[in-house]
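# Structural overview for review
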Amino acid sequence: MPCYAQTNIQLLNQLHRANYTADDLHLVRTAYELAMRLFCGQFRASGKTFIAHLVGTASVLGSLRVGAALI
């Protein structure tokens, strides 16, 4: 079973290993920073932070090699 990122560092490392460009990584990091402001302090029913859910979703998309704008 694949292991998906749950933190921004794991996500950026995953995308770097997948040969996303520096501009792509910057775009994803900027989106993460926005998500942090929008969803700070929000939790899922599981007790995990909502941002971890968003990062995990981005990780799945990265594993599918979609464009950075979609991630």
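Whatever comes next refers back to the structure up there.
Predicted model only: the values in this text are computed from it and were never measured. (Residues numbered from 1 in each chain as written. Predicted model: local features only at pLDDT ≥ 70, side-chain atom pairs only at ≥ 80, totals over all residues. Heavy atoms only, no water.)

## Some words on the overall build of the protein
Helices and strands together make up the secondary structure of the protein, namely three helices and zero strands. Each helix and strand of the protein, placed in order from N terminus to C terminus, yields the pattern α-α-α. Relative to the globule expectation of 11 Å for 71 residues, the C-alpha radius of gyration of the protein, 12 Å, shows essentially globular dimensions. Each principal axis of the C-alpha distribution contributes one length, and for the protein these read about 35 × 30 × 20 Å. Within the protein, the fraction of its 71 residues that count as buried is 25%. The contacts of the protein with a sequence gap of at least 6 include a subset with a gap of at least 24, amounting to 57%. For the protein, the computed accessible surface area is about 4,900 Å², with 62% contributed by carbon and sulfur atoms. (Helix = DSSP H or I, 4+ residues; strand = E, 2+ residues; numbered from the N terminus. Rg over C-alpha atoms; globule rule 2.2 N^0.38 Å. Buried < 20%, exposed > 50% of the residue type's maximum accessible area, 1.4 Å probe, protein only. Contact = heavy atoms within 4.5 Å. Areas by Shrake-Rupley, 256 points an atom, 1.4 Å probe, with all protein chains shown as cover.)

## With respect to helix α3 (residues 50-63)
For α3, which comprises 14 residues, the first-to-last C-alpha distance of 20 Å matches the rise-based estimate of 20 Å (1.5 Å per residue) to within 8%. If you follow the buried residues of α3, they end up packed against α1 (8-17) and α2 (22-39). Of the residues trailing α3, Arg65 is marked for its positive phi of about 65 degrees. (Expected span 1.5 Å × (residues − 1).)

## Things to note about the nonpolar core
Judged by nonpolar contacts, the single largest core of 13 residues is most densely connected at Leu11, Leu15, Tyr20, Val28, Val55 and Ile71. Setting aside anything within four residues of it in sequence, one finds Val55 in contact with Ala5, Gln6, Thr7, Asn8, Leu11 and Tyr32. (Core = buried A, V, L, I, M, F, W, Y, C linked by side-chain atoms within 4.5 Å.)

## Considering the packing of aromatic side chains
A complete count under the given rule lists one aromatic pair for this structure. One Lys or Arg, Arg65, reaches over the ring of Tyr20 and ends 4.4 Å from the middle of that ring. (Phe/Tyr/Trp six-rings, centres within 6.5 Å; stacked < 30°, edge-to-face > 60°. Lys NZ or Arg CZ within 6 Å of the ring centre and 35° of its normal.)

## Describing the layout of surface pockets
Each pocket or cavity is described by its volume, and for the largest pocket that value is around 190 Å³. In terms of lining residues, the largest pocket is bounded by Leu11, Val28, Ala31, Tyr32, Ala35, Ile51, Leu54, Val55, Thr57, Ala58, Leu61 and Ile71. Residue contributions to the lining of the largest pocket peak at six residues, all from α3. Its residues placed into classes, the lining of the largest pocket shows eleven nonpolar, one polar and no charged. (1 Å grid on protein atoms, 1.4 Å probe; cavity = no way out; pocket = protein on both sides within 12 Å on 5 of 7 lines; lining within 4 Å. Points joined across faces, edges and corners; volume = space filled by probe spheres on them. Nonpolar A, V, L, I, M, F, W, Y, C, P; charged D, E, K, R; others polar.)

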